[in-house]
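Each chain, written out:
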Amino acid sequence: MPGGFQEIGRHGVNFVRTVGGMFMLLGKLIISFREVHRSLGLLMEQLYLLGVKSLPLIVIISIFVGAVSAWQAAYQFKFIGAPLRLLGHAVGKAVVIELAPVLSAIVYAGRVGAGVTAELGTMKVTEQIDALESMGISPVRYLVLPRVLASVFMVPFLVIFANFVAIVGALVVSIIGVAISSETFLTGFKYSFELSDFINGLIKAAVFGFIIGIVGCYYGFTTRGGAQGVGRATTSSVVVSMVLILIFNFVFAVILFRI
Amino acid sequence: MAAPLIQIEDIHKSFDSLRVLEGVSLNIERGESIVVIGQSGCGKSVLIKHLIRLLEPDSGRVIFDGEDIGEYDFMTLSKLRLRFGMLFQSAALFDSMTVEENVGLGLTETKRYKPGKIREIVNEKLELVGLTGVNHKRPAELSGGMRKRVGLARAIANSPEVLLYDEPTTGLDPITADMINKLIVDLREKLEVTSVAVTHDMKSAFEIADRIVMLYGGKIEFDGTPDEVRGTTNPVVRQFISGSASGPIQA
Ligand SMILES: Nc1ncnc2c1ncn2[C@@H]1O[C@H](COP(=O)(O)OP(=O)(O)O)[C@@H](O)[C@H]1O
Ligand SMILES: [Mg+2]
C-alpha cells in the first residue's frame, strides 16, 4: 500500500500547486489592471472572438433547452395533474435562474475555455510566451487580461440571449406540442418573472466567465511537452472549469434561496 | 579592466528532481561574442533564459551592468529586457501576426512611436537580415531560414545592447545555416552588440565565437578561444567536437 499513499501524496501536492498557481495568476492579473488602458484594442478583439462568435452556438443550444424544458414540464404536469397555465411560470423560473446561466457557461467553457487553453498552450510550448516576455511585454497584461475581461463581460451578454431564446423555444413547444395558447404561457411567465432572478443570473454568469477565463489561461500558461501537453492542458481546463461552475452555482443557490 | 557586462554567479537550477544547472559561473565582457556549446538537453536553453530572468535560479545570481537582476521589480525587469534581443530556438514568431507585426510588436507595445516611424524601423531591420517583400506574410508561409531571419529582425528591432541566440542554426540546411552565421557576425560588426549564443553546432560556434565555453554535467567544463578548443586535450571537449559516440560523454 505505500505506493497508494505516495499516489495520494502526489495528487495532494499537485492540487496545492494548481490552486496556488491560479491565485498567483490572479494576483498578477490584478496588478496588470493598472495598464488596462493599453489592452483595450486587444479586449475589443477578444470580445468579438470569444463572445460574439459564441452567439450562434448559444442560440441553438438555448432553443432546445427551452423546448425540452417545456416538453418535460408539460409531461410531468399531466402526470401529477398540475394545471398547464403554470407551465410558463415553471419554465420561466427554471430558465432564468438556472438553465440559461449554467448551460451557457458550460457551453462557453467547452468552446472558449478549450480554445483559450489550446491557444496559450501552443504559444507556451513554441516559446511565444517567452518571446513576449523577452520583449518586455507582460504576457498577463497582453494575453490574460483581455481574455478574462472579455469572458466576464461576454458570458452575461450571452445569457441575456440564452434567456430570450430559451423562452421563445419553450413558447413554441407549448403552442405546438402542448396546445396551450401563447397568452396562457406568457401570463404564467410574466406572473413569475422577477427582475432580481434575472440580475442574479447575470451576476452568476459574470463569475462563471471569470472562472473560465482564469482557469483557461492558467492551464495554457502551465502547458508543457508539445502537442500532447496541449491536449492534456485543454482537457484539464474544460473539466476544471465545468466542475467549478457547478460548485459555485450550488453555492449561489444556497446563498440566494434560503429554504 | 572594467567589470564584465554580465556575471553569472554559481547558478543552480532544478525542475522537480531533475538537476539541470549545478553551479554555473561565467563572466561575459562587453562587446564579446561568446558561444556556449553542449549536448542536447544539457541545459543550454535553461542557462540563456536566466540572463533575462525568463527563468529564475534556485540559487546564485545574474549580475547585469553591476546590478543583481534577481532584485528587480517588474517594471525595472521590463526595462532591462529592452536592452536585450533574443532569437529563440524555433524562432517563436507570433503565428497570429504578419511578419511586419511580429517585428514591430515590441516597438508598438513598449515605445510610443507613430505607425509610420514603426514601419520605417521594421523595414530597416528586415533589410538588415536580408528580407524584403515579405512584410504581409504570416510565419506559416515562410521557410525555416526565413522564420529565423524574421526572429532575428524582431530581436534587433529595439536596437539592443546584447543579443541572445538559442541554437540559431539548428534545423536549417547547411547553406542556410551558414547564411545565418554570416548574418550574426555581420550584425555584430554593424550594431556593436555583445552576443551570447548557445548551440550544439560546432561549425557555427567556430564561425561566430571569440570565446567558447562548454556546458557539461550542469557546470562549465571548458572555457577558451576557438583555437584553444581546437587544440585542447580535454577528453569531453574533444569527444564533443569530433562528434564521437565513444568517450566520457554518454548519450
Ligand atoms: N520549464 C521546464 N520545466 C521542466 N523541465 C524543463 C523545463 N525547461 C527545461 N527543462 C528540462 O531541462 C533540461 C535541459 O533543457 P534545455 O535547457 O532546453 O536543453 P538544451 O541544452 O537542449 O537547450 C531538459 O531535460 C528539459 O526537459
Ligand atoms: Mg535548447
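Above: the structure in question.
About the criteria used
- Residues numbered from 1 in each chain as written.
- Chains lettered and ligands numbered in written order.
- Predicted model: local features only at pLDDT ≥ 70, side-chain atom pairs only at ≥ 80, totals over all residues.
- Heavy atoms only, no water.
- Helix = DSSP H or I, 4+ residues; strand = E, 2+ residues; numbered from the N terminus.
- Rg over C-alpha atoms; globule rule 2.2 N^0.38 Å.
- Contact = heavy atoms within 4.5 Å.
- Areas by Shrake-Rupley, 256 points an atom, 1.4 Å probe, with all protein chains shown as cover.
- Lys, Arg positive; Asp, Glu negative; His and termini not counted.
- Charge placed at Lys NZ, Arg CZ, Asp CG, Glu CD.
- Donors = N, O, S within 2.8 Å, 3.2 Å for Na, K, Ca; no water.
- Buried area = accessible area lost by both parts, 1.4 Å probe.
- Salt bridge = Lys/Arg side-chain N within 4 Å of Asp/Glu carboxyl O.
- Pairing = 2+ DSSP bridges.
- Axes fitted to C-alpha atoms, helices over the stretch in contact; angles between N-to-C directions.
- Phe/Tyr/Trp six-rings, centres within 6.5 Å; stacked < 30°, edge-to-face > 60°.
- Lys NZ or Arg CZ within 6 Å of the ring centre and 35° of its normal.
- Near = heavy atom within 4 Å.
- Polar contact = N/O pair within 3.5 Å; in protein donor to acceptor, adjacent residues only side chain to side chain.
- Buried < 20%, exposed > 50% of the residue type's maximum accessible area, 1.4 Å probe, protein only.
- Parallel < 35°, antiparallel > 145°, perpendicular 65-115°, else oblique.
- Left-handed = near helix turned anticlockwise from the far one by under 90°.
- Core = buried A, V, L, I, M, F, W, Y, C linked by side-chain atoms within 4.5 Å.
- Patch = residues over 30% accessible without salt bridge, like charges linked within 9 Å, V, L, I, M, F, W, Y side chains within 5 Å.

## Here we look at the overall build of chain B
When helices and strands are tallied, chain B shows nine helices and ten strands. A compact globule built from 251 residues should have a C-alpha radius of gyration of about 18 Å, and chain B, at 18 Å, falls within 12% of that. Based on the C-alpha atoms only, the size of chain B along its principal axes is roughly 55 × 45 × 40 Å. Taking all contacts inside chain B whose residues are at least 6 apart in sequence as the whole, residues at least 24 apart take part in 65%. For chain B, the exposed area adds up to about 11300 Å²; of that, 50% sits on carbon and sulfur atoms. The distance from the centre of the 30 positive side-chain charges to the centre of the 36 negative ones in chain B is 4 Å.

## Looking at the coordination of the magnesium ion (ligand 2)
Every protein donor of the magnesium ion (ligand 2) is accounted for by Ser45(B) (OG) and Gln89(B) (OE1), and the metal-donor separations fall at 2.0 to 2.5 Å. Placement of Ser45(B) in helix α1 (residues 44-50) and of Gln89(B) in the loop between β6 (84-87) and α3 (99-110) is noted, with a sequence separation of 44 residues between them.

## Regarding the interface of chain A and chain B
The interface is formed by 17 residues belonging to chain A together with 26 residues belonging to chain B. Approximately 1900 Å² of surface area, both sides summed, lies buried where chain A meets chain B, with 52% of it carried by carbon and sulfur atoms. Looking only at chain A, the three residues that lose the most surface to chain B are Glu127(A), Ser134(A) and Met135(A), adding up to 31% of its buried area. Linking chain A with chain B are five salt bridges, by the criterion used here. In this structure, the salt-bridge partner of Asp16(B) is Arg17(A), at a minimum N-O distance of 3.4 Å. Secondary-structure elements contributing two or more residues to the side of chain A that touches chain B are α5 (128-134) and α6 (139-178) of chain A.

## Details of the sheet that holds strand β10 (residues 219-224) of chain B
Residues and elements named next belong to chain B. Taken together, six strands build an open sheet; the order of strands is β6-β7-β8-β3-β9-β10 and the sheet is mixed. Because the sheet does not close on itself, it has two edges, and the strands there are β6 and β10. With strand direction ignored, the average angle separating the axes of adjacent strands in the sheet is 15 degrees. On the sheet, helix α5 (residues 144-156) packs against β6 and β7 (162-166) and is oriented at approximately 170 degrees with respect to β6.

## A look at the packing of aromatic side chains
For the structure shown, the criterion picks out five aromatic pairs over all chains. With a centroid separation of 6.4 Å and an interplanar angle of 50 degrees, the aromatic rings of Phe193(A) and Phe198(A) are classed as tilted. In this arrangement the basic side chain of Lys117(B) is found over the ring face of Tyr113(B), its NZ or CZ atom lying 5.4 Å from the centre. Over the ring of Phe94(B) we find Arg154(B); its NZ or CZ atom is 4.6 Å from the centre of that ring.

## As for the site of ligand 1
In the region of ligand 1, the neighbouring residues are Arg224(A), Phe15(B), Leu18(B), Val20(B), Gln39(B), Ser40(B), Gly41(B), Cys42(B), Gly43(B), Lys44(B), Ser45(B) and Val46(B). Between ligand 1 and Lys44(B) there is a distance of 2.8 Å, counted from an oxygen atom to a backbone nitrogen or oxygen. Here Val46(B) contributes a backbone N or O atom positioned 2.9 Å from an oxygen atom of ligand 1. Across the complex, the protein chains shield 67% of the 560 Å² of accessible surface that ligand 1 would expose by itself.

## Focus: the sheet that holds strand β5 (residues 67-68) of chain B
All names here are of chain B. The antiparallel open sheet is built from four strands, whose spatial order is β2-β1-β4-β5. Looking at the sheet topology across the chains shown, the edges are occupied by β2 (18-28) and β5. With eight bridges joining them, strand β1 (residues 6-15) and β2 adopt antiparallel strand pairing. For Ile8, the partnering residue across the bridge sits in β2 and is Leu26.

## A few points about unusual backbone geometry
Residue and element names in this part refer to chain B. With a phi close to 45 degrees, Glu167 is a non-glycine residue in the positive phi region. As for its position among the elements, Glu167 is in the loop between β7 and α6 (174-191). Non-glycine residue Glu192 carries a positive phi angle of around 50 degrees. In this fold, Glu192 is placed in the loop between α6 and β8 (194-199). Here Glu192 falls in the exposed class, since its relative accessible area comes to 69%.

## Examining the pairing of β1(B)
Walk down a regular strand and you will see the side chains alternate between the two sheet faces. Residues and elements named next belong to chain B. What sits between the antiparallel neighbours β1 and β2 is a turn of two residues, in which Asp16 has the positive phi angle 50 degrees. Looking at chain direction, β1 and strand β4 (residues 59-64) are connected through five bridges and run antiparallel. Bridge pairing in β4 places Gln7 opposite Ile63.

## Notes on the packing of helix α4 (residues 87-125) of chain A against helix α8 (residues 195-221) of chain A
Residues and elements named next belong to chain A. Packing of α4 against α8 brings their axes to within 8 Å, and their N-to-C directions diverge by 20 degrees. Taken together, α4 and α8 sit at an angle that is classed as roughly parallel. Relative to α8, the crossing made by α4 is right-handed.

## Topic: the nonpolar core
Among the nonpolar cores identified, the biggest contains 108 residues, and Ile6(B) and Leu164(B) are the most heavily contacted of them. When residues of this core are assigned to their parent elements, the largest contribution, 19 residues, is made by α6(A). When sequence neighbours within four positions are dropped, the list of residues in contact with Ile6(B) reads Leu26(B), Asn27(B), Ile28(B), Leu51(B), Val62(B), Ile63(B), Phe64(B), Phe84(B) and Val162(B). Ranked by size, the runner-up nonpolar core spans 45 residues in total, among them Ala155(B), Ala157(B), Tyr165(B) and Val229(B).

## Brief notes about a nonpolar patch on the surface
Taken together, the side chains of Val239(A), Val243(A), Ile247(A), Phe248(A), Val251(A), Ile255(A), Leu256(A) and Phe257(A) present a nonpolar region at the surface, about 670 Å² in accessible area. For Val251(A), a relative accessible area of 39% translates into the label partly exposed.

## Section: the pattern of salt bridges
Residues and elements named next belong to chain B. For the coordinates displayed, the defined rule picks out 29 salt bridges over all chains. The partner of Glu22 in a salt bridge is Arg19, with the nearest N and O atoms 2.9 Å apart. A salt bridge links Glu207 to Lys182; its shortest N-O distance comes to 3.7 Å. Remark: Lys182 occurs in helix α6 and Glu207 occurs in helix α7 (residues 202-208); sequence separation between them is 25 residues. Taken together, the shared-partner salt bridges in this structure form one network comprising Arg30, Asp65, Arg83 and Glu161.

Nothing here speaks to function; it is all geometry.
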